[in-house]
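These are the residues of each chain, in order.
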Amino acid sequence: MSKINIAIDGHSGCGKSSTAKAVAKALGYKFIDTGAMYRAITLYFLEHDIDITDEQAVKAALENISIDFQHNPESQKNETFLNEQNVEEEIRGMRVTHKVSNVAALKQVRVAMVAQQQAMGKEKGVVMDGRDIGSVVFPDAELKVFMTASTEVRAKRRQLELREKGQEVALDEIIKNLEERDRIDSTREEGPLLKVADAVAVDTSEMKFEDQVQKVLNLAQQKI
Ligand code: C5P
């Protein structure tokens, strides 16, 4: 059976990562959460007080950053490592979430991340989720999905996720953040969030998680 690359793009919090992860598991493919990479860079910038308007400082910081994913068999999760430190918990918190879209809009950051992501998908057999996967990272991906869901549904799901991690965040704050990230992601010059013509649109507002996964798996089976 031939291996394909699957690109899953879409708005913040519509279930891209969980769907991509489940699809990858079912197909025996590698799952790559590119949002985690931008989040890890943001954490580094916050911890080292990097001024994102200072191109030299951003360049120097990027040279000192290495990002890696490791599978934790206990939690069954792919965990994100920044310079060999496990940052999986920290990058999901609101401190990083509030800043990540500004960092992800920087050209130098995107060029560095896109190169790494393309290298990860060279051998095919990858399910990658993000904002620019079908448009920039893998414009030749055999399957492209553009996921979305209503803001309210997305915010409620995000609130639950955070609650499960012990963080209580008001719905209003989450809605404001989702809308702000969507705005920045969709209007930036480099790799903006958009639905490319050959992507299949999937609105998950009314869908159960299992159905979301099955829908993408059905689409994938047609290409394999
Ligand atoms: O997917 P997630 O919500 O974790 O991504 C965090 C942020 O990283 C997004 O709001 C977006 O600004 C940025 N991002 C991006 N390009 C990607 C993936 C994420 O700009 N491919």
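Structure's up top.
Below you will find a few notes about this structure. Values in this document were obtained by computation on a predicted structure and should not be read as measured data. (Residues numbered from 1 in each chain as written. Predicted model: local features only at pLDDT ≥ 70, side-chain atom pairs only at ≥ 80, totals over all residues. Heavy atoms only, no water.)

1. Structural notes on the packing of helix α1 (residues 16–27) against helix α9 (residues 209–221)
For the pair α1 and α9, the least separation of the axes is 9 Å and the interaxial angle reads 55°. As the angle between them shows, α1 and α9 are arranged oblique. Like other packed secondary-structure pairs, α1 and α9 cross with a definite hand, here right-handed. Only F209, Q212, V213, V216, L217, A220 and Q221 of α9 make contact with α1, whose side of the interface consists of S18, T19, A22, V23, A26 and L27. (Axes fitted to C-alpha atoms, helices over the stretch in contact; angles between N-to-C directions. Helix = DSSP H or I, 4+ residues; strand = E, 2+ residues; numbered from the N terminus. Parallel < 35°, antiparallel > 145°, perpendicular 65-115°, else oblique. Left-handed = near helix turned anticlockwise from the far one by under 90°. Contact = heavy atoms within 4.5 Å.)

2. What to know about the packing of helix α7 (residues 151–164) against helix α8 (residues 171–187)
Packing of α7 against α8 leaves a shortest axis separation of 9 Å and a crossing angle of 120°. The two elements α7 and α8 meet at a crossing, and its hand is right-handed. Contacts between α7 and α8 involve T151, R154, A155, K156, R158, Q159 and L162 from the former and L171, I174, I175, L178, E179, R181 and D182 from the latter. For the contact of α7 with α8, the residue count by class is 6 nonpolar, 2 polar and 6 charged. (Nonpolar A, V, L, I, M, F, W, Y, C, P; charged D, E, K, R; others polar.)

3. So, the sheet that holds strand β2 (residues 30–33)
Taken in spatial order, the 5 strands make up an open sheet running β2-β6-β1-β7-β8, and their pairing is parallel. The outermost strands of the open sheet, each flanked by one partner alone, are β2 and β8 (200–203). Looking at each pair of strands side by side, their axes are set apart by 20° on average, direction ignored. Judged from the 4 bridges that link them, strand β7 (residues 143–148) and β8 form a sheet pairing that is parallel. From the neighbouring strand, F146 faces β8, where its bridge partner is A201. Packed onto the sheet, α1 meets β1 (5–10), β2, β6 (126–130) and β7 and runs at close to 180° relative to β6. (Pairing = 2+ DSSP bridges.)

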